[in-house]
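Each chain, letter by letter, is given below.
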Amino acid sequence: MHIEIPYNVSPRPDTGLYNAKLGIWLFLASEVMLFGALFSSLILIRSGAAHWPHGYEEGLNIPLATLNTLVLISSSVTVVLAWANLRLGNLKKGRMYLGFTLLCALGFMVIKGIEYTDKFKLGHLPSTNNFYAIYFTMTGLHGLHVLGGMIVFGYLIGPGAKMWDTERARYTNRIEVAGLYWHFVDLVWIFLFPILYLL
Amino acid sequence: MASPKRQLRVGKQWLFADDAEKLLREAIRIREEEEREAGLHEHHESFIRKYVFSTDHKWIGIQYGITALCFLLFGFSLMLLMRLQLAAPGKAWGILKILGESRAPGGVMLPEAYNQLGAMHGTIMVFLAIVPLAVGAFGNYLVPLMIGAPDMAFPKLNMASYWCYFPGGVVMLASFAVTGGTAASGWTSYPPLSDIATSGQTWWLAGMIFLITSSLLGSVNFLVTIIQLRAKGMTFMRMPFFVWAQFVTSFLLLLAFPPLEAAGVLQLMDRVAHTSFFLPSGLVVSGQLLNVAGGGNPVLWQHLFWFLAHPEVYVLILPAMGIISEIIACNTRKPLWGYKSLVAAVIFLGFMSFVVWAHHMFLTGMGTVISAFFQTTTMIISVPSVVILTALLMSLWGASIRFNTPMLFALAFLPMFGIGGLTGLPLGLAATDIHLHDTYYVIGHFHYVVAPGTIFAMFAGIYFWFPKITGRQMNEFLGKVHFWGSLVCINGVFFPMFIQGLAGISRRLYDGGQQYAHAQHAYGTNVFMSASAWVLFLFQIPFIFNFFGSMMFGKKVGSNPWQATTLEWGATTSPPLGHGNFAVVPVVQRGPYEYSNPEYTEADFLPQHVVVGAPEPASPGGGLLTHGAAAQQEH
């Protein structure tokens, strides 16, 4: 039997939020704590180190990483455009922009893969030193988040889009929630890039 | 028979209580009939959907409860084996042969086995027994009922939460079969020891990642449910204190667990990818220089771990306080004393719990300035705890108390938690902690908080809400045997720990302090403590019998046997309806503890949703509403 959960789609008047939107914000709060703990660990290990190599000295590829930053920022824009188009009732355009987002995410992962392979070829592994340890751990965990986002977008473009015909508002909400997550993944990279590559 | 004074509003009509009750029963009957018909015409809900991968918060709560109680018993038995070793170090016991030849050759426990049992006892009790019981079971079952919600906000996520917890437990148990045994570095898993430990530690980390995911999904769900799904009229300051306690607990779980997840990832990298996050340069193991890059910091783990684990202590105690509050209010037949200060205290406690973690680390050499800061915050956090305990104690004043089994456990909670809390103060002061750190005094302190504190509250909760879940009451005589036996024995186990600790006996010793010439007078109490522990086990047998026996043969009771005021008692049947909980959506009229209201003479309790007064609508939108009418009023 089906039961109706209140405020699943429309916002509750006194909080102004529907359930999933509040849920994703809370989830992101916990993600802030997760990455916050890792950034704090980086600060502690770096400040305790006698010598800390800079990313550019260690041969991290700054041009590729800059390109990746642009790719990821573009995907954040396209996901907003997707949501806006769905709000206007245009599934075709909305799906197209979702496709762009997914493509950008894929591009990001490919570029990241190239960077990783280069490092492995030179024999730079997580066990080499603590700089590479934190580099691989943090970018790896961020990569897993990108991968998670790709799975979600893939579902929403493909089989998940059936919901458009039955529950239009709910489908649009799903894009909004996925988009909020995606912005967070983008934001983590915006912090990772300067801290690992430039500083 | 209800007097003509008392009427209820149903839709737009005012009815006498008797008629309203008839209507309610009729509504329930029609609903059940509809469900039966739906079952005939559509498809029957499969066994797996209903009992294994259920999305009903009540069934998930029961799943959590049963699983967690099994783990509680398992964790307890690990301790019983350890206590055999402590009572007579190196003695061969027949029963220890169950540990296998690798751990206890000929029934003599090896030091490695003792460490494994210690680490697993702590891990299982904290992460697999108490938290799932306090939050997963009680929270899941009761929070939606108490706030008048049809279910949790995300029922599928709720199911996923249980099905992350369960494999987490399986991974932990499976590590007993791994070569080299389970994790053996204590429940705190301090590196470098844990970094270089046998592969059981990797299993421990994998299990923890499952458990952390489970608690993350659960906490988001609880917060959204409490914020979004409160019934009409259920304002924040009308929520039962139990719901407040769960609310703050969920915030702690949400924000404190991720740093441990980060720490777990780093330790996993250390163990699997051979990084050196927690391994300093020049570390010598067994006379050999460890071949790693080095440059790491073992204290970093302690910071990350205690950033979780101190809030975790409040995750263990706050739901217990919530349960105790409900039981005390109901059995004193009085409003809780100082509801507002209780709420303020629990919120303040939640905030403060994030800035006290380093009081576990006074002896890491982090400097006097930081020690001074953390001992100050630690003294401050004791204030809201004292406020809560005082309010509960004051609630007893002048009451004619009903001494039933749940109330006995609740009353015992107060002094037991008091002992546990007050003995914590010397540990929170950096100077006295130098002597007490890592002694049995610490073990005594936190066990008083968790065992006769939280676990007693869990028992109180089980005896109290058993009639709601099963429609039957547990046996009072067996309950009282369980209570008095447990109370005496549990003090026999834990009180001597203070004496041992003050005498300077360290924790985690394989021989329990036999080697300490200066502490022989305190060492001797080990036999008494071990005997108490085994008798404590015997006194759990009446509970186990009572629990299963009452399910089948217990006295049948109505929907509100304790004559309580909160929604889960007043507005639902026992057990509540399978779907949606309420036959009619309750509309809340007043605060949660309207007991012995002098202006209301019908009974000594006034449920939260019942409308009293003249036939004219006293407050717009009050009364019992049908689903349709409730929906109309929303817009």
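Residues numbered from 1 in each chain as written. Chains lettered and ligands numbered in written order. Predicted model: local features only at pLDDT ≥ 70, side-chain atom pairs only at ≥ 80, totals over all residues. Heavy atoms only, no water.

J.: Looking at this structure, how should I read the overall build of chain B?
T.: Tallying secondary structure elements over chain B gives 20 helices and six strands in all. Whereas a compact globule of 635 residues would reach a radius of gyration of roughly 26 Å, chain B reaches 26 Å, a difference of no more than 12%. Viewed in the frame of its principal axes, chain B has a C-alpha envelope of about 85 × 55 × 50 Å. Looking at chain B as a whole, 60% of its 635 residues qualify as buried. Nonlocal contacts in chain B, meaning residues at least 24 apart in sequence, comprise 77% of its contacts between residues at least 6 apart. (Helix = DSSP H or I, 4+ residues; strand = E, 2+ residues; numbered from the N terminus. Rg over C-alpha atoms; globule rule 2.2 N^0.38 Å. Buried < 20%, exposed > 50% of the residue type's maximum accessible area, 1.4 Å probe, protein only. Contact = heavy atoms within 4.5 Å.)

J.: Is there a simple way to explain the environment of A:Ser75 in this structure?
T.: Residue and element names in this part refer to chain A. Mapped onto the elements, serine 75 comes out in helix α2 (residues 62–87). Through-space distance from the C-alpha of serine 75 to that of alanine 29 is 22 Å; in sequence the pair is 46 residues apart. When near neighbours in sequence (up to four residues on either side) are disregarded, serine 75 contacts Thr101, Cys104 and Trp182.

J.: Explanation requested: the packing of aromatic side chains in the structure shown.
T.: Given two aromatic rings, their pairing is described by the distance between the two centres and the angle made by the two planes. Scanning the model with the defined rule gives 72 aromatic pairs over all chains in all. Between A:Tyr116 and A:Phe120, the aromatic rings sit 6.0 Å apart at their centres with planes inclined by 70°, giving edge-to-face as the arrangement. Placement of the pair is A:Tyr116 and A:Phe120 together in helix α3 (residues 91–121), with a separation of four residues, close to one helical turn. In this structure, B:Lys91 packs its charged tip against the face of B:Trp93, placed 4.5 Å from the ring centre. (Phe/Tyr/Trp six-rings, centres within 6.5 Å; stacked < 30°, edge-to-face > 60°. Lys NZ or Arg CZ within 6 Å of the ring centre and 35° of its normal.)

J.: For this particular structure, what's the right way to read a nonpolar patch on the surface?
T.: All names here are of chain A. Among the surface-exposed residues, Ile73, Val77, Leu81, Leu187, Ile190 and Phe191 lie close enough to one another that they form a single nonpolar patch of about 490 Å² accessible area. Among the elements of the structure, α2 and α6 (168–198) are those that each provide at least two residues to the nonpolar patch. Note that leucine 81 resides in helix α2. (Patch = residues over 30% accessible without salt bridge, like charges linked within 9 Å, V, L, I, M, F, W, Y side chains within 5 Å. Areas by Shrake-Rupley, 256 points an atom, 1.4 Å probe, with all protein chains shown as cover. Salt bridge = Lys/Arg side-chain N within 4 Å of Asp/Glu carboxyl O.)

J.: Would you take a moment to explain the interface of chain A and chain B for this structure?
T.: Many authors give the size of an interface as the accessible area that is lost as the parts come together. In this complex, chain A contributes 34 residues to the contact, which on the side of chain B involves 42 residues. Between the two partners, chain A and chain B, sit eight residue pairs in polar contact (both at pLDDT 80 or more). Among the elements of the structure, α1 (19–48) and α4 (130–157) of chain A are those that each provide at least two residues to the side of chain A that touches chain B. At 15 residues, α1(A) tops the list of elements feeding residues into the side of chain A that touches chain B. Considering only residue class, the side of chain A that touches chain B consists of 21 nonpolar, 10 polar and three charged. (Polar contact = N/O pair within 3.5 Å; in protein donor to acceptor, adjacent residues only side chain to side chain. Nonpolar A, V, L, I, M, F, W, Y, C, P; charged D, E, K, R; others polar.)

J.: It is not clear to me how the nonpolar core should be interpreted in this structure. Could you clarify?
T.: The tendency in soluble globular proteins is for nonpolar side chains to be buried as a group. Residues A:Tyr171, B:Phe138, B:Leu260, B:Leu318, B:Ile324 and B:Phe413 are the most contacted members of the largest nonpolar core, which totals 254 residues. For this core, the element with the most residues is helix α4 (residues 111–147) of chain B, which contributes 23 residues. Those residues in contact with B:Phe413, other than ones at most four positions away along the chain, are B:Ile317, B:Ala320, B:Met321, B:Ile324, B:Gly418, B:Pro452, B:Gly453, B:Thr454 and B:Ala457. (Core = buried A, V, L, I, M, F, W, Y, C linked by side-chain atoms within 4.5 Å.)

J.: What is the right way to read α2(A) from this model?
T.: Side chains that are three or four residues apart share a direction in an α-helix, a result of its 3.6 residues per turn. Residue and element names in this part refer to chain A. In a regular helix each residue adds 1.5 Å, so 26 residues correspond to 38 Å; α2 covers 38 Å between its end C-alpha atoms and thus fits that length. For α2, the N-terminal cap is asparagine 61; the gap from its side-chain oxygen to the backbone nitrogen of leucine 64 is 3.3 Å. Of the residues flanking the end of α2, it is glycine 89, one or two places downstream, whose phi is positive at about 90°. (Expected span 1.5 Å × (residues − 1).)

J.: Just checking my understanding: could you explain α4(A) for this structure?
T.: For α4(A), which comprises 28 residues, the first-to-last C-alpha distance of 40 Å matches the rise-based estimate of 40 Å (1.5 Å per residue) to within 8%. If you check the start of α4(A), you find a side-chain oxygen 3.0 Å away from the backbone N of A:Phe131, and it comes from A:Asn129.

J.: Explain the packing of helix α6 (residues 200–228) of chain B against helix α7 (residues 241–272) of chain B to me, please; I cannot follow it from the model alone.
T.: Packed helices, taken two at a time, are described by the angle between their axes plus the distance between the axes. All names here are of chain B. Here α6 crosses α7 at 155°, and the two axes come no closer than 8 Å. Judged on the interaxial angle alone, α7 and α6 are roughly antiparallel. Considering how the two elements wind past one another, α6 and α7 form a crossing that is left-handed. Of the residues contributing to the contact of α6 with α7, the split by class is 19 nonpolar, eight polar and two charged. (Axes fitted to C-alpha atoms, helices over the stretch in contact; angles between N-to-C directions. Parallel < 35°, antiparallel > 145°, perpendicular 65-115°, else oblique. Left-handed = near helix turned anticlockwise from the far one by under 90°.)

J.: Hey, could you run me through the confidence of the model for chain B in this one?
T.: Interpretation of this model should avoid reading the predicted coordinates in detail wherever pLDDT is low. Residue and element names in this part refer to chain B. Residues at a pLDDT of 70 or more form 93% of chain B, whose mean pLDDT is 91. Contacts for the low-pLDDT stretch residues 614–635, under 50 throughout, to residues beyond four places or in other chains number 40 contacts. Taken together, the chains of this predicted complex give a pTM of 0.91 and an interface ipTM of 0.96. (pLDDT = per-residue confidence, 0-100.)

J.: Mind showing me how you'd approach the side chain of A:Glu58 here?
T.: All names here are of chain A. Tracing the backbone shows glutamate 58 in the loop between α1 and α2. Here glutamate 58 is buried and forms no salt bridge, its nearest opposite-charge partner lysine 119 lying at an N-O distance of 8.8 Å. With residues near it in sequence (within four places) discarded, glutamate 58 still touches Pro53, His124, Asn129, Phe131 and Tyr132. (Lys, Arg positive; Asp, Glu negative; His and termini not counted.)

J.: Whenever I open this one, the pattern of salt bridges confuses me. Can you help?
T.: Pairing between side chains of opposite charge can happen when their charged atoms approach one another. Within the structure shown, the criterion is met by eight salt bridges over all chains. A:Glu115 is the salt-bridge partner of A:Lys112, the closest N and O atoms lying 3.5 Å from each other. With a gap of three residues between them, A:Lys112 and A:Glu115 both fall in helix α3, about one helical turn apart. Residue class for A:Lys112 comes out buried when judged on its relative accessible area of 6%. Classification of A:Glu115 by relative accessible area gives buried; the value is 0%. Among the ionic pairs, B:Arg333 bridges to B:Asp604, the shortest N-O distance being 3.0 Å. With a gap of 271 residues between them, B:Arg333 in the loop between α8 (298–332) and α9 (339–352) and B:Asp604 in the loop between α19 (567–570) and α20 (627–634) connect regions that are remote in the sequence.

J.: I would appreciate a short explanation of the environment of A:Val110 in the present structure.
T.: Take A:Val110: it is sitting in helix α3. Once the C-alpha coordinates of A:Val110 and A:Trp25 are considered, the two residues, 85 residues apart in sequence, prove to be 29 Å apart.

J.: Sorry, what's going on with the packing of α7(B) against α8(B) here?
T.: Residue and element names in this part refer to chain B. Look at α7 against α8: their axes get within 8 Å of each other, and the N-to-C directions meet at 160°. Viewed along their axes, α7 and α8 adopt a mutual orientation that is roughly antiparallel. The chirality of how α7 crosses α8 is left-handed. Split into classes, the residues belonging to the contact of α7 with α8 amount to 25 nonpolar, six polar and two charged.

J.: Before we go on, may I ask you to explain unusual backbone geometry in this structure?
T.: With glycine set apart, most residues show a phi of negative sign, and most peptide bonds adopt trans. Residues and elements named next belong to chain B. The omega torsion across proline 191 and proline 192 is 0°, close enough to zero to call that bond cis. With respect to the element layout, proline 192 can be found in the loop between α5 (155–174) and α6. For the bond running from serine 574 to proline 575, omega is -10°, close enough to zero to count as cis. Along the chain, the position of proline 575 falls in the loop between α19 and α20. Phi at glutamine 563 takes a positive value of approximately 55°, unusual for a residue other than glycine. In this fold, glutamine 563 is placed in the loop between β6 (555–556) and α19. Exposure remark for glutamine 563: the relative accessible area of 37% places this residue in the partly exposed category. Non-glycine residue serine 596 carries a positive phi angle of around 50°. Within the secondary structure, serine 596 is located in the loop between α19 and α20.

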